[in-house]
Amino acid sequence: MCIRDRFINNVSTLNTGGTGAGQQFFNLNINSSPLAVTASNAIRVNNNLTVLTGTLAMGANNLFTGGSVDNQGSITFTTGVLTFEASSGTKTFNPGTSSYGPITVNAPTATIQLTGPSLSLAATRVLTITNGTLDLNGNTITTLANAVINGGTLNVSAGSNLRIGAGFALQNNGGTFRLVGTSSNPASLSVNGAGNFTFSQTSGILEALHYNVSNTSGTGLVVSGGTIHSTNNLSNGLSLIHI
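No experiment lies behind these values; they were computed from the predicted model shown.

### Some points on unusual backbone geometry
No. 1: Backbone torsion omega between Ser 33 and Pro 34 reads 5°, so that peptide bond is classified as cis.
No. 2: As for its position among the elements, Pro 34 is in strand S3 (residues 24-39).
No. 3: Residue His 210 is not a glycine yet carries a positive backbone phi of 55°.
No. 4: If you check the backbone angles, Asn 236 has positive phi at about 55° while not being a glycine.
No. 5: Position of Asn 236 relative to the elements: it lies in strand S22 (residues 227-241).
No. 6: Residue Asn 236 is classed as exposed on the basis of its relative accessible area, which comes to 54%.

### Observations concerning the nonpolar core
No. 1: Formed by 51 residues in total, the largest nonpolar core has its most connected members in Phe 93, Leu 162, Leu 170 and Phe 177.
No. 2: Discounting chain neighbours no more than four positions away, the residues touching Phe 93 are Val 69, Leu 82, Phe 84, Tyr 100, Ile 103, Ile 112, Gln 113, Leu 114, Thr 115, Gly 116 and Leu 119.

### Concerning the pairing of S3
No. 1: Of the strand pairs in this sheet, S3 and strand S4 (residues 43-45) are connected by 2 bridges, and their pairing is parallel. Each residue of the ladder has a partner; that of Phe 25, found in S4, is Val 45.
No. 2: With 7 bridges joining them, S3 and strand S5 (residues 49-59) adopt parallel strand pairing. Looking at the pairing, Val 37 lines up with Leu 56 of S5.

### A look at the packing of aromatic side chains
No. 1: Within this structure, the stated rule accounts for 4 aromatic pairs.
No. 2: Here Phe 84 and Phe 93 contribute two aromatic rings whose centre-to-centre distance is 4.9 Å and whose plane-to-plane angle is 55°, an arrangement assigned as tilted. Across the pair, Phe 93 and Phe 84 agree in class, each one buried.
No. 3: On the basis of an interplanar angle of 40° and a centroid distance of 5.7 Å, the ring pair of Phe 177 and Phe 199 is categorised as tilted. With Phe 177 in strand S19 (residues 169-180) and Phe 199 in strand S21 (residues 197-223), this pair connects stretches of sequence that are 22 residues apart.
No. 4: Since its relative accessible area comes to 1%, Phe 177 is described here as buried.
No. 5: Three or more aromatic residues joined by ring pairs form one cluster here, namely Phe 77, Phe 84, Phe 93 and Tyr 100.
No. 6: If you follow Arg 44 out to its NZ or CZ, it ends over the ring of Phe 64, 4.5 Å from the centre.

### Points about the confidence of the model for the chain
No. 1: Across the chain, the average pLDDT comes to 90, with 89% of residues at or above 70.
No. 2: In this model residues 1-9 is a low-confidence stretch, pLDDT under 50, and it forms 30 contacts with partners more than four residues away in sequence or in other chains.
No. 3: The low-confidence segment residues 17-21, where pLDDT is below 50, has 9 contacts with residues more than four positions distant or belonging to other chains.

Definitions and cut-offs
Residues numbered from 1 in each chain as written. Predicted model: local features only at pLDDT ≥ 70, side-chain atom pairs only at ≥ 80, totals over all residues. Heavy atoms only, no water. Helix = DSSP H or I, 4+ residues; strand = E, 2+ residues; numbered from the N terminus. Buried < 20%, exposed > 50% of the residue type's maximum accessible area, 1.4 Å probe, protein only. Core = buried A, V, L, I, M, F, W, Y, C linked by side-chain atoms within 4.5 Å. Contact = heavy atoms within 4.5 Å. Pairing = 2+ DSSP bridges. Phe/Tyr/Trp six-rings, centres within 6.5 Å; stacked < 30°, edge-to-face > 60°. Lys NZ or Arg CZ within 6 Å of the ring centre and 35° of its normal. pLDDT = per-residue confidence, 0-100.

Laid out in structure tokens, this is it:
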């Protein structure tokens, strides 16, 4: 059963009735300022999740969404994973000012497009692209762990900045990493913190045009497998290696 619900001005426990994400919402709106709604187990929202005020506290529970996420309040995790699983179209993600746990994009033929200026993942929390596209859309993603592309596309577009935690890696294992800006507004790949990060591609496609890459370690962008795009072929870019 899919329901639409709203929690207003109370400390509430959101109990989906099971240990998994089988109990589903269609749209879920949280409006609980200054208090919190705490999930007792996993939540699946088939359409849109909106936190207007207050906090949705997921803890170690997973959160699945098939639509857009608009975080105007706070969404908190400890080890729980936020998974985008839309099946088509373009869905938006306003991350607000929250620091997120692991994020997975598993959205075949769909695009998840950032609309907030900055998305931050907490320490050791991995960003994983499995299917579909995550489009930074001129915004910034900051990690304190690895970012992994197993399939789909990670699109760092004009004016966007993907910041990988110092000592960690951006790994393309079979998807598309697209770092394509414009001549006046390059796309950026850089380090978060003091030090450097690594980039490796063992499979998949690398696209880069009108870009800035800074603070990679070793030999820079390491492509040991897959292909480099025929047009977006690492031209008109700047790459600075940290020694």
